[in-house]
Amino acid sequence: MHPRSEIAYRLRKCYFPHRLHGNSLFTCILNMLFIQKEVTQFFYFWFLGRDYEKDKVCKELATLGKDDFRTLSLVLYSRKFPSGTFDQVMKLVKEVVSLTEDCCAEDADPGCYDNRTSALSATSCESDSPFPVHPGTAECCTKEGLERKLCMAALKHPPQEFPTYVEPANDEICEAFRQDPMEFADKFLYEYSSNYGQAPLPILVSYTKSYLSMVGTCCTSASPTVCFLKERLQIKHLSLLTTLSNRVCSQYAAYGKEKSRRSHLIKLAQKAPTAALKEVLPLAEDITNILSKCCESTSEDCMAKELPEHTVKICDSLSTKNPKFEECCQEKTPMDIFVCTYFMPAAQPPEPANVELPTSKDVCDSKNINVMDQYTFELSRKTHIPEVFLSKVLEPTLKSLSECCHSADSTACLNAKGPVLKKEVSSFIDKGQELCAGYSENTFTEYKKKLSQQLRAKLPEATSAELAELVEKHSDFASKCCSINSPPNYCDSEVGKPYLLPIAVDDVKNPCVHFLLKCKYVRLFLVSLEALSLMNLRIIVSTYYTHLKANRGNGIVAHEVKPLLVRFTSCIRAWFGVPAIPWF
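Now for a quick tour of the structure. Computed from a predicted model, the values in this text were never measured in an experiment. As a convention, each chain's residues are numbered from 1 in the sequence order in which they are written. Totals for whole chains, interfaces and linings use every residue, but because this is a predicted model, local features are given only for residues with pLDDT of at least 70 and side-chain atom pairs only at 80 or more, for both listing and counting. Excluding hydrogens and water, the side-chain figures rest on all heavy atoms present in the structure.

### What to know about the environment of Thr288
- Residue position: Thr288 is located in helix H15 (residues 277–294).
- Working definition: with a 1.4 Å probe on protein chains only, accessible area under 20% of the residue-type maximum means buried, over 50% means exposed, and in between means partly exposed. Its relative accessible area of 2% is what places Thr288 among the buried residues.
- When the C-alpha positions of Thr288 and Lys259 are compared, they lie 9.6 Å apart, and in sequence the two are 29 residues distant.
- Here, residues are in contact when the closest pair of their heavy atoms is within 4.5 Å. Not counting chain neighbours up to four residues away, the residues in contact with Thr288 comprise Tyr252, Lys257, Ser260, Arg261 and His264.
- Among the polar contacts listed, one links the side chain of Thr288 to the backbone oxygen of Ala284, at a separation of 2.7 Å. Going along the chain from the N terminus, every DSSP run of H or I of four or more residues is numbered as a helix, and every run of E of two or more is numbered as a strand. The definition of a polar contact used here is a pair of N or O atoms within 3.5 Å, where within protein one atom must be able to donate a hydrogen and the other to accept one, and adjacent residues in sequence count solely through side-chain atom pairs.

Okay, here's the thing in structure tokens:
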């Protein structure tokens, strides 16, 4: 039987309704399409060019055959270079498959593999390289030989936090498929793999092959619509596993293991604020360990096996702590339970947030290993702002607390830092609550309407166009960063930007804000100056200066820029007692 026919036959066996469903379906598909670890390691390290890598590559080419070898190349390079164009990725795939075929031939020159991979890395360093480019490529190209190859092999793109892939309509799918089945498959593999590249490789390969099998079956069916409906139902759980594992693994990749652990602790504390730390912390550690093990695993059933076991622990520990957990635990499959608990919103805090910082005795006690976790837990369960805000403010706070343990007098250090840290945490939480106020309680349309009313009351002099622009910026931020599973990289970069810091009503009394509001050129440059730090001032002044220069054509001439900037900074210094800034 032809390999492709064999795949289709075995897929149909997996999908046969009365035989397999749910997790059994995952296992069947993953077992069938399991890709050996040695294969994936070659594609991540194709720049090495070592003999033992060549042996592995040639063995896998012989095992998989050219077509499957090429398909796997396309999936892996689409994951590795998600910002590369389709043409760039295809040229790289073509070159890799070609050199593998040539260098694995019986009569190949002994130095073929090393020479060709070296030439490949050299081509990647050319200014007009036809291959996809990574932001770190330039630095790697300053190195030579094996060091360059190792550097390039280690390059990784940050997670794609906002996948852009949209599945076409059935008619469009079949039209493209009938025109050129191979091109359709290549473009789908590229688009889907580049968008969902953080999903574990075996899951990604399983889903893409299952999807293409569905397209091949339904686009040649007498009733395509009915066929698609039936087949999509059969692969629904695998599709869900792929997109969800991509999401949780993206967050893990952005945070790393320790920050990911803290992130899950924050979320669970907010979802089950009446639980105790001893009930929540093991769950946060468990999901973090699962992600550290499964996100980069080439095991065929890591996620499919571990996530259901995790949901059992969630239900055992938290189903009585929040009615929503109890509802989630009634779902039919473990995957549905996990999805339900993952997207569960934060519960209302049981009491106002007034959490004291731990003492130096607690922080520096080597036996008290959970003191930072206890502080994080207490602050999180009493605070109703998204996890990305708490993670952002907790990282420097916990670091400062730990640093005191290495000072000559830890008690004096903490006594000095404590009030400042507590004020910064409180101020940051207040700003987070202000930014996201009303988002989770209203529909998006209602939220934008209320936001417009609030900003109009605060900024009566703003024009309709200016107000509309500000509403769009705030609402776009809220839609991405005011939910419990907001993307860490994007939100971390956005939190604190001046245009996102709305002016409180009391700030109108501030002469600096009054100056900003009266200046017709900077009416949109809205900043909150409460609890202003020197670092924030640096950002504000730099941004303000850029804004002034950009508005020269709107009435500000060159010689007016510096006087306006001096007025602004002088005002801030006078009002807040900020000393002269040496860099200004």
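Structure shown, so let's carry the discussion forward.
### Quick notes on the packing of helix H5 (residues 66–80) against helix H11 (residues 181–195)
- One can describe the packing of H5 onto H11 by two numbers: an axis separation of 7 Å at closest approach and a directional angle of 35°. The hand of the H5/H11 crossing is right-handed. When H5 is examined against H11, the residues Arg70, Thr71, Leu74, Val75, Ser78 and Arg79 are found in contact with a partner set consisting of Met182, Asp186, Leu189, Tyr190, Ser193 and Ser194.
- Classification convention: Asp, Glu, Lys, Arg as charged; Ala, Val, Leu, Ile, Met, Phe, Trp, Tyr, Cys, Pro as nonpolar; all other residues, Gly among them, as polar. Here the residues of the contact of H5 with H11 sort into five nonpolar, four polar and three charged. Note on geometry: axes are lines fitted to C-alpha atoms, helical ones only across the stretch in contact, with angles between N-to-C directions running from 0 to 180 degrees. When the near helix sits turned anticlockwise from the far one by under a right angle, the crossing is termed left-handed; a clockwise turn instead gives a right-handed crossing.

### Topic: helix H10 (residues 170–179)
- Along H10, the residues classified as buried are Ile173, Cys174 and Phe177. All buried residues of H10 fall inside an arc of 90° around its axis, so they share one side. Of the residues in H10, the exposed ones pointing more than 90 degrees away from the buried face are Asp171 and Gln179.
- In the core, the buried residues of H10 are packed alongside H11, helix H12 (201–218) and helix H13 (224–234). When we speak of the arc, we mean the arc of directions from the helix axis to the C-beta atoms.

### Some words on helix H14 (residues 236–271)
- One fewer than the residue count of a helix, multiplied by 1.5 Å, yields its expected span. In this model H14 runs just 27 Å from its N-terminal to its C-terminal C-alpha over 36 residues, more than 12% under the 52 Å that 1.5 Å per residue would give.
- Axes are fitted to the seven residues ending at a residue and to the seven starting at it; the angle between these axes is taken as the bend at that residue. Along H14, the sharpest change in direction is near 115° and occurs at Gly256.

### Focus on the nonpolar core
- Note on terminology: a nonpolar core comprises buried Ala, Val, Leu, Ile, Met, Phe, Trp, Tyr and Cys residues joined through side-chain atoms within 4.5 Å. If you look at the biggest cluster of nonpolar residues, it comprises 45 residues, and the most contacted ones within it are Tyr211, Val215 and Phe228.
- Mapped by element, the contributors of at least two residues to this core are helix H4 (51–64), H5, helix H6 (86–103), helix H7 (112–124), H10, H11, H12 and H13.
- Looking at this core, the element that brings in the most residues is H6, giving nine residues.
- Domain start and end points were adopted from an automatic or database domain assignment. Mapping this core onto the domain boundaries places at least three of its residues in each of domain 2 (51–154) and domain 3 (170–250).
- With sequence-adjacent residues up to four places away left out, Phe228 is seen in contact with Asn170, Ile173, Cys174, Met214, Val215, Cys218 and Cys219.
- Core analysis: the next-biggest nonpolar cluster, separate from the first, contains 41 residues, Phe389, Cys413, Ile429 and Leu470 among them.

### Quick notes on the state of the cysteines
- Criterion for a disulfide: a pair of cysteine sulfur atoms at a distance within 2.5 Å. The final tally for this structure, using the stated rule, is 14 disulfides.
- Cys249 shares a disulfide with Cys295; S-S distance 2.0 Å. One quick way to see it: the torsion about the S-S bond of Cys249 and Cys295 is about -90°, and its sign makes the bridge left-handed. In this pair, Cys249 sits in helix H14 while Cys295 sits in the loop between H15 and helix H16 (302–318), placing the two residues 46 residues apart along the sequence. Cys295 carries the same exposure label as Cys249, and that label is buried.
- Covalently, Cys328 is tied to Cys340 through a disulfide, its sulfur atoms 1.9 Å apart. On the sign convention where negative means left-handed, the S-S torsion of about -70° between Cys328 and Cys340 marks this disulfide as left-handed. On the criterion of sequence distance, the pair formed by Cys328 in helix H17 (residues 323–328) and Cys340 in helix H18 (residues 334–342) is long-range, its members being twelve residues apart.

### Looking at the packing of aromatic side chains
- Pairs were defined over the aromatic rings of Phe, Tyr and Trp, the Trp ring being its six-membered one, requiring ring centres within 6.5 Å. Orientation was assigned from the angle between planes: stacked under 30 degrees, edge-to-face over 60, tilted for the rest. Per the stated rule, a full pass over the model turns up 15 aromatic pairs.
- Aromatic side chains Tyr207 and Tyr211 sit 6.0 Å apart centroid to centroid with 45° between the ring planes, which places their arrangement in the tilted category. Linking Tyr207 with Tyr211, this pair stays in helix H12, spanning four residues, or about one helical turn.
- The class for Tyr207 is buried, based on a relative accessible area of 8%.
- With centroids separated by 6.2 Å and ring planes inclined at 85°, the aromatic side chains of Phe389 and Phe477 adopt a geometry described as edge-to-face. Highlighted residues: Phe389 in helix H21 (residues 387–404) and Phe477 in helix H24 (residues 464–481), separated in sequence by 88 residues.
- With a relative accessible area of 1%, Phe477 lands in the buried category.
- Cluster of aromatic residues (ring-pair linked, three or more members): Tyr165, Phe188, Tyr192, Tyr196, Tyr207 and Tyr211.
- Directly above the aromatic system of Phe162 lies the positively charged group of Lys480, at a separation of 5.2 Å from the ring centroid. In this analysis the charged atom, NZ for Lys or CZ for Arg, is taken to sit over a ring once it is within 6 Å of the ring centre and within 35 degrees of the ring normal.

### Observations regarding the pattern of salt bridges
- In what follows, salt bridge is the name for a side-chain nitrogen of Lys or Arg lying within 4 Å of a carboxyl oxygen of Asp or Glu. Enumeration according to the criterion identifies 25 salt bridges in this entry.
- Arg261 is the partner of Glu285 in a salt bridge, and the nearest nitrogen-oxygen pair spans 3.5 Å. In this pair, Glu285 is assigned in helix H15 and Arg261 in helix H14, connecting sequence segments 24 residues apart.
- Taking relative accessible area as the criterion, Glu285 reaches 31% and is therefore assigned partly exposed.

Everything listed is a geometric property; what it means functionally is a separate question.
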